[in-house]
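# Commentary on secondary and tertiary structure
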Amino acid sequence: MLLDFILKTDPSIYIHLEKNKIEKIIQDLDDHIIDIVLTDTPFETSLSGEITSKYMGKIPIVFCAHPKIAKQIKKFPKDMNGKPLILPAVPRQIAYSIKEYLYEHQVEPHIIGEIQDVEIIRRLALRGYGIAAINLLTIKEAPAKQKLTILNQNSKHTIYEKVYLITKKRKTPHPLLDKIQKNFRIGISLS
């Protein structure tokens with residue numbers, strides 16, 4: 001979504017996208033190596049106030065599965081007890097939220113893995129290895145022929161992955177940064 005916004009706003013821009021530990025990314029931001037950070041964890045504002053964190057929106061987390069596994073889930077989330085589940089890996093904030101959700105609903109699935117890459121989680125679920133807990137945007141952006149069944153489509157208890165934009169004050173900020181901060185928001189729903 002952010003990449004779409006950036007490329008539509010300035011098609012000539014150069015993008016360098018990387019995934020790393022938050023400490024390394026914040027250091028790169030502080031050292032002026034990168035301009036923005038998109039993360040699921042708000043950053044504590046530094047004492048100097050030079051690095052700031054801004055809430056950009058939220059994305060629902062869905063439990064989804066290959067139709068063969070989905071047929072076994074009649075009552076959500078209760079019927080996930082004992083079923084294979086693939087989770088996002090810690091330290092992602094959403095991993096903790098999903099585990100809290102399972103605990104609150106007294107659901108004890110068989111966790112077969114905690115994986116950092118959401119696309120790998122989606123592909124394992126597509127192959128029928130288990131139920132995947134991933135954000136709805138990943139499902140909606142997947143190729144149309146790769147269908148997963150959303151198990152909590154009608155659930156009144158939704159988990160959300162929050163998204164934050166972290167930036168550093170600069171004498172000469174990137175010209176696109178102001179447009180991103182003023183005009184870009186994440187908003188996606190189950191319906």
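Summary of the structure given here.

Conventions used here
- Residues numbered from 1 in each chain as written.
- Predicted model: local features only at pLDDT ≥ 70, side-chain atom pairs only at ≥ 80, totals over all residues.
- Heavy atoms only, no water.
- Salt bridge = Lys/Arg side-chain N within 4 Å of Asp/Glu carboxyl O.
- Helix = DSSP H or I, 4+ residues; strand = E, 2+ residues; numbered from the N terminus.
- Buried < 20%, exposed > 50% of the residue type's maximum accessible area, 1.4 Å probe, protein only.
- Patch = residues over 30% accessible without salt bridge, like charges linked within 9 Å, V, L, I, M, F, W, Y side chains within 5 Å.
- Areas by Shrake-Rupley, 256 points an atom, 1.4 Å probe, with all protein chains shown as cover.
- Core = buried A, V, L, I, M, F, W, Y, C linked by side-chain atoms within 4.5 Å.
- Contact = heavy atoms within 4.5 Å.
- Pairing = 2+ DSSP bridges.
- Arc of directions from axis to C-beta.
- Right-handed = clockwise from strand over helix to strand, strands pointing away.
- Polar contact = N/O pair within 3.5 Å; in protein donor to acceptor, adjacent residues only side chain to side chain.

## Thoughts on the pattern of salt bridges
- Counting across every chain of the model gives seven salt bridges.
- Between aspartate 28 and lysine 24 there is a salt bridge whose closest N-O contact spans 2.9 Å. Residue aspartate 28 and its partner lysine 24 are both found in helix H2 (residues 22-30); the two are separated by four residues, about one turn of the helix.
- Overall, lysine 24 belongs to the partly exposed group, its relative accessible area being 39%.
- Linking lysine 168 and aspartate 30 is a salt bridge whose minimum nitrogen-to-oxygen distance equals 2.8 Å. Here lysine 168 is found in strand S7 (residues 159-168), whereas its partner aspartate 30 is found in helix H2, with 138 residues between them in sequence.
- On the basis of relative accessible area, lysine 168 is assigned to the buried category, the value being 10%.

## Considerations on a nonpolar patch on the surface
- Where nonpolar side chains cluster on the molecular surface, the patch consists of Leu3, Leu7, Ile15 and Leu17 and spans about 350 Å² of accessible area.
- With respect to the helices and strands, the residue isoleucine 15 is situated in the loop between helix H1 (2-9) and H2.
- Classification of isoleucine 15 by relative accessible area gives partly exposed; the value is 32%.

## Considering the nonpolar core
- Grouped together as the largest cluster of nonpolar side chains are 24 residues, with contacts concentrated most on Cys64, Ile139, Ile180 and Phe184.
- For this core, the secondary structure elements donating two or more residues are H1, strand S2 (51-65), helix H5 (118-126), strand S5 (131-135), helix H6 (136-141), S7 and helix H7 (175-183).
- If we skip the residues at most four places from it in the chain, isoleucine 180 touches Leu2, Phe5, Ile6, Ile36, Met56, Leu165 and Arg185.

## Notes on the pairing of strand S1 (residues 36-39)
- Covered by surrounding structure in S1 are Val37 and Thr39 only, the residues Ile36 and Leu38 on the alternate face being uncovered.
- Where S1 and S7 come together, four bridges link them in antiparallel fashion. Counterpart to threonine 39 in the pairing with S7 is tyrosine 164.

## A look at H7
- Taken residue by residue, H7 has Leu176, Leu177 and Ile180 as its buried positions. Taken end-on, H7 shows its buried residues confined to a sector of 105°, consistent with a single buried face. In H7, the exposed positions that point more than 90 degrees away from the buried face belong to Pro175, Lys182 and Asn183.
- Summarising the contacts, the buried residues of H7 are in contact with H1, S1, S2 and S7.

## A closer look at the pairing of strand S3 (residues 84-88)
- Most of S3 is tucked away, with four of its five residues classed as buried.
- Alignment of S3 against strand S4 (residues 110-115), held across five bridges, turns out to be parallel. Bridge pairing in S4 links proline 88 to isoleucine 115.
- The handedness of the S3 to S4 crossover, carried by helix H4 (residues 93-104), is right-handed.
- Here S3 runs beside S5; their pairing, made up of two bridges, is parallel.

## A closer look at the environment of lysine 54
- Structurally, the position occupied by lysine 54 is in strand S2.
- Taking the C-alpha atoms as reference points, lysine 54 and valine 163, separated by 109 residues in sequence, lie 8.6 Å from one another.
- Filtering out sequence-adjacent residues up to four positions away, lysine 54 remains in contact with Val163, Tyr164, Leu165, Gln181 and Arg185.
- Polar contacts involving the side chain of lysine 54 include one to the main-chain carbonyl oxygen of glutamine 181, which spans 2.6 Å.

## Examining unusual backbone geometry
- Residues phenylalanine 76 and proline 77 are joined by a peptide bond in cis, for which omega reads 5°.
- You can see proline 77 is positioned in the loop between helix H3 (67-70) and S3.
- The phi dihedral of histidine 32 is positive, around 65°, even though this residue is not glycine.
- By the secondary structure assignment, histidine 32 is in the loop between H2 and S1.
- Residues other than glycine seldom take positive phi values, yet glutamine 106 does so here, at roughly 55°.

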